[in-house]
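Observations on chain architecture
Okay, here's what each chain looks like letter by letter:
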Amino acid sequence: MATVLQFLSTYGNELLLKTWEHLLISIIASLLGILVAVPLGIALTRFPKGAGTVMGTLGIIQTFPSFAILAFFIPIVGVGKIPAIIALFFYSVLPILRNTYIGVTGVKRSLLEAGRGMGMTGWERIRYVEVPLAIPVIMAGIRLSTVYLIGWATLAAYIGAGGLGDYIFSGLNLFQAKFIIAGAVPVTILALLTDLLLGRIETWVTPKGMRKMKEAA
Amino acid sequence: MLKFEHVSKVYKGGKRAVSDLSLEFEKGEFICFIGPSGCGKTTTMKMINRLIEPSEGSIYINGVDVLKKDPVQLRREIGYVIQQIGLFPHMTIYENISLVLKLLKWPEEKRRARAKELLTLVDMTADYLGKYPHELSGGQQQRVGVLRALAADQPLILMDEPFGALDPITRDSLQEEFKKLQKKLNKTIVFVTHDMDEALKLGDRIVIMRDGQLVQCDTPDDILRNPADEFVEEFIGKDRLVQARPNIQTVEQIMNPHPVTITGDRSLSEAIQLMKQHRVDSLLVVDEQNLLKGYIDVEIIDQKRKKASLVKDVLESEFTVEKDTLVRDTIRKILKKGMKYVPVVDHDQHLVGIVTRASLVDIVYDSIWGEEQQGEMTWLQSYNF
């Protein structure tokens, strides 16, 4: 306990800074992922033939080792936070995209027909029917992806992006277990808290009618 | 109002779903499209609001070619009810009913007022506005589904087997309710079904289709009396054809025009005396204008005589038929619901007579020993007396 307190008094401020950096990298990458993947996922549902190809390609990219992706961006955008965010963004896209696609295609055909028969335009159907009904599935994708990103952002330290990964790499290089722990524990806590928060948001954005329906079932 | 001119639908690969259909309907007509599955009835209906585009020919609504209109605009002017009900689970009843109005950019207060007004049409209270579809029974959900199609006061409504997913009893009452509503609002309805009973009951005219072609388009009575060919005969079914003959009459012709009645301000002891005097076990309760209020019977008097003294305090409302209802529909109801009698009313709920089981005996007697002696026995059997 005393060692923990001693560590915190020496590195406390720095730890907070690194945590903040870490969170920032993950959140920005995740937000970019949402901005791209949700509209793209919806767009893909309009072209079911192209959807398979796009998902397949992204699936393959996803299997590339994270280190390789991070290294790959160094010659293009250099080192630092930006390349890390770009790489992480690529990782965040697939889960969100896939869930958006599944969520939207999972909306009952009869509801879409009702909407079309009532005279909704394509955009109105997306806004009033498809997105509200797919929200729980889309949110599950966002949650998953963000929590993963917080884990993966640790590796970003390797290309100079900072964050809690710095501690872990220093710990590994210096054979100092306390640095590894100082990096790993906050990452875990961060991931858990984010998951909790996004869970709340998920409930909050799910239309009330669907929440009640789930409770009743 | 609605006119098909040489309309065909040919799918890629040359399959003709509908070929060369020409039909014309008046405003306020209830049109049933019927036929075996794959006969093109649903395709025909969906071509009206262009959910399916016709390949050849034109469809006119009030003289305007639907193909020349913007499909989205067109669909907002036509009500649409689907079999799966299709209420949006994430929207309240209010939001569901007023969705078309929202698309039409009506202001919020007007939408809410309209939704309330619509609910009264199907005897639902404003409490339902804030509920969600899953909190309603199947019958209520489809009532809301129908209201949604009526919201913008569309003159034409398309219905794709709307009562198909409901249980028989709910379906029966919804059919009646809806037919009344249609007459009251004078809507033109295009109704797709595969249930002949439903078509005979609801349709002003029935369009029978097979393999994308029109086989017959006539009133229910004409179809029953003069089926166009063997296919129609088979489709209607022998039972109904046999029934059809003695059934082309209304309840007015067979009812007893002098039911025993009492007014609401009489006492229960007067009521029981009246029953004794006429040797009956129930009385129809009417007011001074002969408006039917309900009924009382011996059991009700026996249960409630200690708590109440006037007839109007204990009367119960009951099921009625209008005087121009066909006998076949009435008989079915009496037998299916196991009722002893049905009061007959005119369009304003004035009592005009009563059909009892004794009236049925008269019909059966007539059909056995009346003009036609043969054949009618089958009719008798089919009701399993």
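What you are looking at is a predicted structure, and each value in this text was computed from that prediction instead of being measured.

Residues and elements named next belong to chain A. Within this numbering scheme, the UniProt entry marks residues 23-44, 56-76, 82-101, 133-159 and 179-198 as carrying the feature "transmembrane region" (unreviewed entry). Each end of residues 56-76 is marked by a C-alpha atom, and these two atoms are 25 Å apart; helix forms 90% of the span and strand 0%. Here residues 133-159 runs as 89% helix and 0% strand, with 40 Å between its end C-alpha atoms.

Per the UniProt entry, the sites bearing "domain: ABC transmembrane type-1" (unreviewed entry) are residues 19-198 of chain A in this numbering. Measuring from the first to the last C-alpha atom of residues 19-198 of chain A gives 18 Å, for a span that is 88% helix and 0% strand.

The next subject is the packing of helix H6 (residues 138-150) of chain B against helix H7 (residues 168-185) of chain B. Residues and elements named next belong to chain B. Contact geometry of H6 with H7 gives a least axis separation of 11 Å together with a crossing angle of 20 degrees. Relative to H7, the element H6 is oriented roughly parallel. Where H6 crosses over H7, the two elements pack in a sense that is right-handed. In this structure, H6 uses Gly 139, Gln 142, Arg 143, Val 146 and Leu 150 to contact H7, whose residues at the interface are Thr 170, Ser 173, Leu 174, Glu 177, Phe 178, Leu 181 and Leu 185. Partitioned by chemical class, the residues of the contact of H6 with H7 number six nonpolar, four polar and two charged.

Looking now at empty space enclosed by the protein. In this approach, a probe sized like a water molecule rolls over the atoms, and the result shows the empty space that is left. Applying the stated rule across the entire model yields four cavities of 30 Å³ or more. The space that makes up the largest cavity amounts to roughly 70 Å³. Only H6 and H7 of chain B provide two or more residues apiece to the lining of the largest cavity. Here the lining of the largest cavity gets four residues from one element, more than from any other, and that element is H7 of chain B. Of the residues belonging to the lining of the largest cavity, the class tally is seven nonpolar, no polar and two charged. Lining the second largest cavity, in full, are Ser 66, Leu 70, Ala 87, Leu 88, Tyr 91, Trp 152, Ala 153, Leu 155 and Ala 156 of chain A. Among the elements that make up the lining of the second largest cavity, the one with the highest residue count is helix H6 (residues 122-156) of chain A (four residues). Residues that form the lining of the second largest cavity fall into these classes: eight nonpolar, one polar and no charged.

This paragraph deals with the layout of surface pockets. The volume enclosed by the largest pocket comes to roughly 1100 Å³. Along the walls of the largest pocket sit 32 residues, with Glu 176, Lys 179, Lys 180, Lys 183 and Glu 322 of chain B positioned nearest its centre. Every element with two or more residues in the lining of the largest pocket is listed here: helix H5 (108-121), H7, helix H8 (196-202), helix H9 (220-225), strand S14 (321-322) and helix H16 (327-337) of chain B. Ranked by the residues each element gives to the lining of the largest pocket, the list is headed by H7 of chain B, at nine residues. Class assignment of the residues belonging to the lining of the largest pocket gives a composition of eight nonpolar, nine polar and 15 charged. Taken together, 18 residues line the second largest pocket, and the ones lying closest to its centre are Arg 109, Ser 110, Leu 112, Glu 113 and Arg 116 of chain A.

Listed under "domain: ABC transporter" (unreviewed entry) in the UniProt record, and renumbered for this structure, are residues 2-236 of chain B. Within the segment residues 2-236 of chain B, helix and strand shares are 38% and 25% respectively, and the terminal C-alpha atoms sit 26 Å apart.

A few words now on the interface of chain B and chain A. Counting residues at the interface gives 24 residues for chain B and 23 residues for chain A. Here chain B meets chain A over a buried area of about 2200 Å², counting both sides, of which 67% is carbon and sulfur. It is Phe 88, His 90 and His 134 of chain B in chain B that bury the most area against chain A; as a group they hold 26% of the surface buried on that side. Viewed at the interface, chain A and chain B are joined by three salt bridges. As a salt-bridge pair, Arg 76 of chain B and Glu 124 of chain A come within 2.7 Å of each other at their nearest N and O atoms. Viewed at the interface, chain A and chain B are joined by five residue pairs in polar contact (both at pLDDT 80 or more). For the side of chain B that touches chain A, the elements supplying multiple residues, two or more each, are helix H2 (71-76), strand S6 (78-81) and helix H4 (99-103) of chain B. Of the residues forming the side of chain B that touches chain A, the biggest block, four residues, is contributed by H4 of chain B. Considered class by class, the residues forming the side of chain B that touches chain A number 13 nonpolar, five polar and six charged.

Turning next to the pattern of salt bridges. With the rule as written, the count across this model stands at 24 salt bridges over all chains. For Glu 113 of chain A, the salt bridge identified is with Lys 46 of chain B, shortest N-O distance 3.5 Å. You can see Glu 113 of chain A sitting in helix H5 (residues 109-118) and its partner Lys 46 of chain B sitting in helix H1 (residues 41-48), one on each of two chains. On the basis of relative accessibility, which here comes to 24%, the residue Glu 113 of chain A falls in the partly exposed class. Overall, Lys 46 of chain B belongs to the buried group, its relative accessible area being 15%.

Bringing the confidence of the model for chain B into the picture now. Taken over all residues, the pLDDT of chain B has a mean of 85, while the share at 70 or more is 92%. Scored as a complex, the prediction yields pTM 0.72 and ipTM 0.81.

Tracing the backbone through its elements, the reader meets Lys 178 of chain A in helix H8 (residues 177-205). For the pair Lys 178 of chain A and Ile 168 of chain A, spaced 10 residues apart in sequence, the C-alpha separation works out to 9.1 Å.

Quick look at the sheet that holds strand S12 (residues 282-286) of chain B now. Residues and elements named next belong to chain B. The sheet built from three strands is open, its strands ordered S11-S12-S13 with mixed pairing. Strand pairing shows two members of the sheet lacking a second neighbour, strand S11 (261-263) and strand S13 (292-297), which therefore form its edges. Each adjacent strand pair in this sheet contributes to an overall mean axis angle of 35 degrees, direction not counted. By the bridge criterion, three bridges tie S11 to S12 in an arrangement that is parallel. Looking across to S12, one finds that Ile 262 is bridged to Val 285. Where helix H13 (residues 268-278) meets the sheet, it contacts S11, S12 and S13, and its direction lies at approximately 125 degrees from that of S12.

Thresholds applied
Residues numbered from 1 in each chain as written. Chains lettered and ligands numbered in written order. Predicted model: local features only at pLDDT ≥ 70, side-chain atom pairs only at ≥ 80, totals over all residues. Heavy atoms only, no water. UniProt positions renumbered as here; feature names shortened; annotations may be inferred. Helix = DSSP H or I, 4+ residues; strand = E, 2+ residues; numbered from the N terminus. Axes fitted to C-alpha atoms, helices over the stretch in contact; angles between N-to-C directions. Parallel < 35°, antiparallel > 145°, perpendicular 65-115°, else oblique. Left-handed = near helix turned anticlockwise from the far one by under 90°. Contact = heavy atoms within 4.5 Å. Nonpolar A, V, L, I, M, F, W, Y, C, P; charged D, E, K, R; others polar. 1 Å grid on protein atoms, 1.4 Å probe; cavity = no way out; pocket = protein on both sides within 12 Å on 5 of 7 lines; lining within 4 Å. Points joined across faces, edges and corners; volume = space filled by probe spheres on them. Buried area = accessible area lost by both parts, 1.4 Å probe. Salt bridge = Lys/Arg side-chain N within 4 Å of Asp/Glu carboxyl O. Polar contact = N/O pair within 3.5 Å; in protein donor to acceptor, adjacent residues only side chain to side chain. Buried < 20%, exposed > 50% of the residue type's maximum accessible area, 1.4 Å probe, protein only. pLDDT = per-residue confidence, 0-100. Pairing = 2+ DSSP bridges.

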